[in-house]
Amino acid sequence: MDPVTGLPSSRRSTLSGGDAHREGITTERRDWTLVKVIDLVVDQNVIVIDANTPIEEACESLIKNNISSAPVYDSNTQSFVGMFDWADVMSYLLIVLKKKNNWEQQQKSEEELTSEFKDLIRLAIQCEPVPVKLASDLSNKNPFYSVMPETSLLHVVELFGSGSHRVAVLDANGNLKGLLTQSHVVQYLYNNVTHFPKIEELFPKTVRDLNIGQGTVITARSNSFVLDALTMMNTNGLSSIGIIDDNGMLIGNISMSDLKYVFRGYRHSLMWKTTHQFLSHVRSHQGLEDGQDRYPVFDIRPTSTLGFTIAKLTATKAHRVWVVDERAQPIGVVSLTDILSVFAREAGGQPNPSAKRQRSMSAAIEVTGFSVN
């Protein structure tokens, strides 16, 4: 891998003409902003959740299909009414668990917690199954956005650079042609970077030069409860939180998608474990799923290049990477939103990630202030 671009040397556009011919590399150069979104969703099989599906079944669907979100379709109105993702699950859990005392829950047996947790999820506030359409975009982080197949990639990148995580591609008749995500677009641009000179020119620049990966970092201690960490994420409109030890060193990361480990087999007792215990549980299960002992590499330095950062994100299938100093203490984070914002600005777009964050913060305040009687 090239230490600057983050690409295998065989894919670098700096190859001579003869080398490029021997490697089978095309020298075609294109304007990435003119690519149509339909080209990125060809032959997609999108999982759709019925609006009346109970929330716990909707969560099972996300887990079974190894996806982080799915559009919600109402057959009565014959329209898509929202997106359901792990951010909504987190917001819902915090609503129904708000008045639960950590110490009290920690003292209960596995059997007691299992029964209670299932009741909370299935019966919830009104003691009835709660349809997923009521929880769709409960977090106010990822509403249902749609674009036409002929929409330019630049338009979508501008949306993603403003904080949206996914958009549905609908034709003129309202038929779903595909679902485009931040990670999908970054992967596409990374795989085809040698065709897009304006993108490739950005790869050698450092995250510091691009003014990303800076700002206040919100973390949770390794001895804090998972429920407290999730509450902190929700209150601050975050999709992930870094976990630090007693010396302030970054030891891991908890994201909203990690909630799938809570729902698998109703391992709800994990909510009242420490974040350190939760990280150990997640890593052991990731190792079983991947067939290897997996310890994620999730940090970069301020001097790391954009290309290297993207290479790490695509290799680990992560949505963010932490920026650490020489003492391994977190000083910032670079997300897919940050990267796509850089791409949008380079092309003359005007992404506005602060507006999205303000909406998320407003929703977080509203959810954490919810009173369950």
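Let me begin by describing the structure that accompanies this report. Keep in mind it's a predicted model, so treat the numbers as computed, not measured.

1. What about the pattern of salt bridges?
Then, number 1: For the structure on display, the rule yields two salt bridges.
Then, number 2: Here Arg327 and Asp325 are joined by a salt bridge, their closest N and O atoms 3.3 Å apart.
Then, number 3: With a relative accessible area of 51%, Arg327 lands in the exposed category.
Then, number 4: Exposure remark for Asp325: the relative accessible area of 10% places this residue in the buried category.

2. Overview of the packing of helix α7 (residues 153–161) against helix α14 (residues 336–346)
Then, number 1: Orientation of α7 relative to α14, taken along the N-to-C sense of each, is 135°, at an axis distance of 7 Å. Judged by the inter-axis angle, α7 sits oblique to α14. The hand of the α7/α14 crossing is left-handed. Packed against α7, whose contacting residues are Leu154, Val157, Glu158, Phe160 and Gly161, the element α14 presents Thr337, Leu340, Ser341, Phe343 and Ala344 at the interface.
Then, number 2: When the residues that make up the contact of α7 with α14 are grouped by side-chain class, the tally is six nonpolar, three polar and one charged.

3. Let's talk about the nonpolar core
Then, number 1: In this structure, Phe84, Trp86, Val89, Leu230, Leu259, Phe263 and Met271 are the most contacted members of the largest nonpolar core, which totals 42 residues.
Then, number 2: For this core, the leading source of residues is helix α3 (residues 86–96), giving seven residues.
Then, number 3: Contacts of Val89, omitting those with residues within four sequence positions, involve Cys59, Phe84, Leu259 and Phe263.
Then, number 4: Counting residues in each nonpolar core, the second largest holds 40 residues, with Val147, Phe196, Leu202 and Leu313 among its members.

4. Looking at helix α2 (residues 55–64)
Then, number 1: Here α2 lies mainly inside the structure; seven of its ten residues are buried.
Then, number 2: At the C-terminal side of α2, Asn66 shows a positive phi close to 55°.

5. Re the sheet that holds strand β5 (residues 166–170)
Then, number 1: Pairing is mixed in the open sheet, where three strands are placed in the order β4-β5-β6. The open sheet terminates on both sides in strands that have one partner only, identified here as β4 (146–147) and β6 (176–181).
Then, number 2: Bridge count for β5 against β6 is five bridges, and the pairing is antiparallel. Across the sheet, residue Ala168 finds its bridge partner in β6, namely Leu179.

6. Observations regarding the pairing of strand β3 (residues 79–85)
Then, number 1: Here β3 lies mainly inside the structure; five of its seven residues are buried.
Then, number 2: Where strand β2 (residues 69–74) and β3 come together, six bridges link them in antiparallel fashion. Its bridge partner lying in β3, Tyr73 is registered against Phe80.
Then, number 3: What sits between the antiparallel neighbours β2 and β3 is a turn of four residues, in which Gln78 has the positive phi angle 50°.

7. Let's talk about the environment of Leu153
Then, number 1: Residue position: Leu153 is located in helix α7.
Then, number 2: Given the relative accessible area of 0%, Leu153 is considered buried.
Then, number 3: Taking C-alpha positions, Leu153 is 9.2 Å from Leu40, a pair spaced 113 residues apart along the chain.
Then, number 4: Among all residues touching Leu153, those that are not within four sequence positions of it are Trp32, Thr33, Val35, Val37, Leu40, Val185, Tyr188 and Leu189.

8. Points about the side chain of Arg320
Then, number 1: In this structure, Arg320 sits in strand β11 (residues 320–324).
Then, number 2: With near-sequence residues (within four places) excluded, Arg320 lies in contact with Ser239, Ser240, Asn253, Ser255, Leu313, Val333, Val334 and Ser335.

9. Describing the environment of Arg327
Then, number 1: Mapped onto the fold, Arg327 is located in the loop between β11 and β12 (330–335).
Then, number 2: With 79 residues separating them in the primary sequence, Arg327 and Gly248 have C-alpha atoms 8.9 Å apart.

10. A word on the packing of helix α8 (residues 182–191) against helix α13 (residues 306–316)
Then, number 1: For the pair α8 and α13, the least separation of the axes is 10 Å and the interaxial angle reads 120°. The angle between α8 and α13 places the two elements in the oblique class. Classified by chirality, the crossing of α13 by α8 is left-handed. For the pair α8 and α13, contact is made by Val186, Gln187 and Tyr190 and by Ile310, Ala311 and Thr314, respectively.
Then, number 2: For the contact of α8 with α13, the class distribution of residues is four nonpolar, two polar and no charged.

What counts and how
- Here the residue numbers are simple positions, counted from 1 along each chain's written sequence.
- Reporting of local features is limited, given that this is a predicted model, to residues whose pLDDT is at least 70; pairs of side-chain atoms are given and counted only at 80 or more, and all residues count toward the totals for whole chains, interfaces and linings.
- Each side-chain value is derived from all of the structure's non-hydrogen atoms; neither hydrogens nor water enter the calculation.
- For salt bridges, the criterion is a side-chain nitrogen of Lys or Arg within 4 Å of an Asp or Glu carboxyl oxygen.
- A 1.4 Å probe rolled over the protein chains alone gives each residue an accessible area, and that area as a share of the maximum for its type sets the label: buried under 20%, exposed over 50%, partly exposed in between.
- Throughout, an axis means a line fitted to C-alpha atoms (over the contacting stretch in the case of helices), and angles, computed between N-to-C directions, take values from 0 to 180 degrees.
- The helix count covers DSSP runs of H or I at least four residues long, the strand count covers runs of E at least two residues long, and both are numbered beginning at the N terminus.
- Small angles under 35 degrees read as roughly parallel and large ones over 145 as roughly antiparallel, with 65 to 115 read as roughly perpendicular and the rest as oblique.
- Each crossing gets its handedness from the near helix: less than a right angle anticlockwise from the far helix is left-handed, clockwise is right-handed.
- Residue contacts are counted whenever heavy atoms from the two residues lie within 4.5 Å of one another.
- Side-chain classes are defined by residue name, with Ala, Val, Leu, Ile, Met, Phe, Trp, Tyr, Cys and Pro counting as nonpolar, Asp, Glu, Lys and Arg as charged, and the others, Gly among them, as polar.
- Note on terminology: a nonpolar core comprises buried Ala, Val, Leu, Ile, Met, Phe, Trp, Tyr and Cys residues joined through side-chain atoms within 4.5 Å.
- Between any two strands, pairing holds if DSSP finds at least two bridges.

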